[in-house]
Amino acid sequence: MATHNPSTHRRPRPVETESALFAKVASLLLGLLVAVLGFFALLLWADARESRDGAAQPAAAVDAAPAIDGNVALPLESFAGIVPENAAELAKAHKPYDATLPPIPAGDLVEVQMTLKDMTVEIAPGVEYNTWAFDGHGAPGPIIHVREGQTVEMTLTNGGAIPHSIDFHAARIAPDVAFGDVRPGKSVSYRFKAEDPGVFMYHCGTKPVLAHIANGMYGAIIVQPKEGLPAVDNEYVLVGSEWYLNGDGIKEPASLDMAKARARMADWVTFNGYDNQYVTHPLTAKPGETTRFWVVAAGPTNNVNFHVVGGMLDRAWVNSDLESPPQQGVQTVVVPAGGGAVFDVKIDDEGFYPVVSHAFADVDLGQVGLLKVGNPKDSASH
Ligand SMILES: [Cu+2]
């Protein structure tokens, strides 16, 4: 370009002539032309680059998880709160997940056997979902209760269509060996000693983990401390989780919408896998009794901001650290996704006490239950 500029060929002259002036103006104009052309060339190049990147993006996403991305409903559509007309009737007919803490099996060795099954479960009144479920249980899987020092022998049989696995947060074990993928029709068995008291999550750890947890592959294991905790009157286990649907699940069962799971756009958020089930079928206590809640936030992504409306968390073992003294008189405690906590709540007065995640979008999507204390009049207030 420089050779087109006459000024570079110009020799120095003592006096500015007319032709020299002309050459100066011409060179200025040419310079401007070059700058303008250069600017447009840059724009064209940037545009071309942008469209090329845009074309590459969907292909890369499909490579990452081909089977699951096939279920995506685009644009992201919410099915939150969509239930059939007879929802109230269906909610009453639903058999709630038994939240009662089961007894600890006797002996030093606790054998746990689970078979994975692909099954359709109801997650809200009239709303069905295709889960990958532990032990034909739907979600969550069965509650496991052991005492510190007992050995757990876990046998997992994969009765599903794709590889799965089981990861216990209560175990200190090499995960590449114990938590490895089990192919359909195969089994895996491993042992771990329950050395850390608390309430822990277990879940399928097969990739993409987001999809396996979102499809219902989670549950709770309680490791009771050797010396035990203060005696209480009622003990319930609540597992928080959320569901991401690719349809409303009414005419036909919904499946996972992976794009919504990534975007954290849940349709239903639940305790023990079903919208509002302990509102219709409340947990119970008598006036003056203390109730213990063993809480796990299974996610896959949401925390549980545990709170009892009208009550106080009298004892709160935050992060289920049962080896330290509990916090006292706490209003709300965050149970992180993948974590657990233990709460004792003493209530003296009769009434319906909502048990919630105080992140209220989650209450709106179904993560609320009631603790019915005594025999209060059934009011419309809940
Ligand atoms: Cu799995």
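Everything in this summary refers to the structure shown in the same document. (Residues numbered from 1 in each chain as written. Predicted model: local features only at pLDDT ≥ 70, side-chain atom pairs only at ≥ 80, totals over all residues. Heavy atoms only, no water.)

### Regarding the nonpolar core
Then comes step 1: Judged by nonpolar contacts, the single largest core of 64 residues is most densely connected at F293, F306, F343 and L371.
Then comes step 2: If you tally residues by element for this core, the top one is strand 12 (residues 289–299), at six residues.
Then comes step 3: Setting aside chain neighbours within four positions, we find L371 in contact with Y236, L283, T284, A285, T291, F293, I347, G351, F352, Y353 and V355.
Then comes step 4: Listed in part, the 28 residues of the second largest apolar core include M114, W132, F134 and F192. (Core = buried A, V, L, I, M, F, W, Y, C linked by side-chain atoms within 4.5 Å. Buried < 20%, exposed > 50% of the residue type's maximum accessible area, 1.4 Å probe, protein only. Helix = DSSP H or I, 4+ residues; strand = E, 2+ residues; numbered from the N terminus. Contact = heavy atoms within 4.5 Å.)

### Comments concerning the coordination of the copper ion
Then comes step 1: At 2.0 to 2.5 Å from the copper ion lie its protein donor atoms, namely H164 (ND1), C204 (SG), H212 (ND1) and M217 (SD).
Then comes step 2: Considering all four donor atoms around the copper ion, the spread of angles at the metal, 89 to 135 degrees, places the coordination shape in the irregular class. (Donors = N, O, S within 2.8 Å, 3.2 Å for Na, K, Ca; no water. Tetrahedral: all angles 85-135°; square planar, octahedral: opposite > 155°, others 65-115°.)

### Topic: the sheet that holds strand 15 (residues 327–330)
Then comes step 1: As summarised here, the arrangement of the six strands in space is 10-9-12-17-14-15, forming an open sheet in which the pairing is mixed. The sheet is open, and its two borders are formed by strand 10 (268–271) and strand 15, each paired with just one other strand. Each adjacent strand pair in this sheet contributes to an overall mean axis angle of 25 degrees, direction not counted.
Then comes step 2: As defined by bridge partners, strand 12 adjoins strand 17 (residues 340–347) across eight bridges and the pair is classed as antiparallel. Opposite R292, over in strand 17, you have D344 as the bridge partner. (Pairing = 2+ DSSP bridges. Axes fitted to C-alpha atoms, helices over the stretch in contact; angles between N-to-C directions.)

### So, the pattern of salt bridges
Then comes step 1: For the coordinates displayed, the defined rule picks out seven salt bridges.
Then comes step 2: Close ionic contact of K260 with D267 constitutes a salt bridge, the shortest N to O distance being 2.8 Å. With respect to burial, K260 and D267 carry one shared label: buried.
Then comes step 3: Sharing partners across several salt bridges, the network here consists of E235, R292, R315 and D344. (Salt bridge = Lys/Arg side-chain N within 4 Å of Asp/Glu carboxyl O.)

### A few points about the pairing of strand 9 (residues 234–243)
Then comes step 1: In terms of burial, strand 9 is largely enclosed, as nine of its 10 residues are buried.
Then comes step 2: Here eight bridges tie strand 9 to strand 12, and the two strands are oriented parallel to one another. Across the sheet, the residue bridging to L238 is V295, located in strand 12.
Then comes step 3: Here strand 9 pairs with strand 10 via four bridges, running antiparallel. Considered in strand 10, the bridge of W243 is made with W268.

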